[in-house]
Amino acid sequence: MIEHISAVMITKDAEAHLQESLESLKDFKEVIVYDTGSQDQTLKIAQKFPNVTIHQGPFIGFGPTKNKAASLASNDWIFSIDSDEVVTPELLATLQTLALQPQKVYAIHRQNLFLGLPIRHGNWGSDWVKRLYNRSFTRFSDAQVHESIIGEDIQKIPGHLLHYAVDEVQDFLLKAARYSKLPHPTPKKLHPVLAFGRALWTFLRSYIIRAGFLDGGAGLVISVSEFNGVFFKYIHGFYKDKDK
């Protein structure tokens, strides 16, 4: 039983993989599920687990909402997990024995699945995410999307998360479109030509340099999606200023 770390997730209409995700957290004494308005079976699934405490509240952006959820935990050590992620036995063993240092932020390798198949190349193939931290020393950024735990002293740990990243291509593209409408912190304005160049570099790095093409059609879809995400981010910033 992991008593000194609280697992924390935010949910909304998360029934697809929630059962498997919570099953993988059964060795945690405390799991916080912060729901932001589910209309499916999410709450009924979560209620079946005795170590789960359910809270409900508004969605105020990914970073702020995750910080709100973490504040409801009884432990300062927070393991942040998404409802479409599953803790593997190796990662669980690491979390049970890891000698935690409060100033450190711990990163975990995420094995992304595209229609059930593992993605081993491109940007998704080397996906390390910061997920374990001490809330007395740090927190998630206030970013509405693409939030991250603040901290430079990062340690990678053994084990990985299984991530059901894409169950249906249509839903994947719709999700990417929704993300593009959320406020993005744009580091600088870019002319559309430069925005295209930045996006093209993102595509080439993922598909060619990091060998995303070895993942077949999935690698192409992912790389094109990343191209779109970067392009729309900078275009949004450029024309937003033009409209002022």
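How each quantity is defined
- Residues numbered from 1 in each chain as written.
- Predicted model: local features only at pLDDT ≥ 70, side-chain atom pairs only at ≥ 80, totals over all residues.
- Heavy atoms only, no water.
- Salt bridge = Lys/Arg side-chain N within 4 Å of Asp/Glu carboxyl O.
- Helix = DSSP H or I, 4+ residues; strand = E, 2+ residues; numbered from the N terminus.
- Buried < 20%, exposed > 50% of the residue type's maximum accessible area, 1.4 Å probe, protein only.
- Core = buried A, V, L, I, M, F, W, Y, C linked by side-chain atoms within 4.5 Å.
- Contact = heavy atoms within 4.5 Å.
- Expected span 1.5 Å × (residues − 1).
- Arc of directions from axis to C-beta.

### Some thoughts on the pattern of salt bridges
Link 1 in the chain: The tally for this structure, following the rule as stated, stands at nine salt bridges.
Link 2 in the chain: For Lys-104, the salt bridge is made with Asp-153, and the minimal N-O distance between the two is 3.2 Å. On the criterion of sequence distance, the pair formed by Lys-104 in the loop between helix H4 (89-97) and strand S6 (105-114) and Asp-153 in the loop between strand S8 (128-134) and strand S9 (154-166) is long-range, its members being 49 residues apart.
Link 3 in the chain: Classification of Lys-104 by relative accessible area gives buried; the value is 16%.
Link 4 in the chain: The residue Asp-142 makes a salt bridge to Arg-139 at a minimum N-O spacing of 3.1 Å.
Link 5 in the chain: Each of Lys-66, Asp-82, Glu-85, Arg-110, Asp-127, Arg-131 and Glu-147 takes part in a single network of salt bridges with overlapping partners.

### Notes on unusual backbone geometry
Link 1 in the chain: The backbone phi angle of His-146 is positive, close to 60°, even though this residue is not glycine.
Link 2 in the chain: Within the secondary structure, His-146 sits in the loop between S8 and S9.
Link 3 in the chain: Among the residues examined, His-146 registers a relative accessible area of 58% and is labelled exposed.
Link 4 in the chain: One non-glycine residue, Ala-211, lies in the positive phi region at around 60°.

### Regarding helix H3 (residues 62-71)
Link 1 in the chain: Most of H3 sits inside the fold, with eight of its ten residues counted as buried.
Link 2 in the chain: Residues of H3 that are buried: Phe-62, Gly-63, Pro-64, Thr-65, Lys-66, Asn-67, Ala-69 and Ala-70.

### A word on the nonpolar core
Link 1 in the chain: Formed by 27 residues in total, the largest nonpolar core has its most connected members in Leu-22, Leu-25, Phe-28 and Phe-79.
Link 2 in the chain: Secondary-structure elements contributing two or more residues to this core are strand S1 (2-11), helix H1 (15-23), strand S2 (28-35), helix H2 (42-47), strand S4 (77-80), H4, S6 and S9.
Link 3 in the chain: The dominant element in this core, judged by the number of residues it contributes, is S1, at four residues.
Link 4 in the chain: Apart from residues no more than four positions distant in its own chain, Leu-22 is found in contact with Met-9, Val-31, Val-33, Ala-46, Phe-49 and Val-52.
Link 5 in the chain: Counting residues in each nonpolar core, the second largest holds 14 residues, with Ile-32, Phe-62, Ala-70 and Ile-149 among its members.

### Considering helix H7 (residues 192-209)
An α-helical turn contains 3.6 residues, so a residue and the one three or four places further along point in the same direction.
Link 1 in the chain: The end-to-end C-alpha distance of H7, which contains 18 residues, comes to 24 Å, matching closely the 26 Å that a straight helix rising 1.5 Å per residue would cover.
Link 2 in the chain: Taken residue by residue, H7 has Pro-192, Ala-195, Ala-199, Thr-202, Phe-203, Ser-206 and Tyr-207 as its buried positions. Looking straight down H7, one finds that the buried residues subtend no more than 110° of arc, so they occupy a single side. Residues Val-193, Leu-194 and Ile-209 are exposed on H7 and point more than 90 degrees away from its buried face.
Link 3 in the chain: Among the residues trailing H7, Ala-211 stands out with phi positive, at a value near 60°.

### Let's talk about the environment of Gln-155
Link 1 in the chain: With respect to the helices, strands and loops of the structure, Gln-155 is situated in strand S9.
Link 2 in the chain: Linking Gln-155 and Ala-107, residues 48 residues apart in sequence, is a C-alpha distance of 5.9 Å.
Link 3 in the chain: Dropping the residues within four chain positions of it, Gln-155 is found in contact with Leu-98, Gln-101, Lys-104, Val-105, Tyr-106 and Ala-107.

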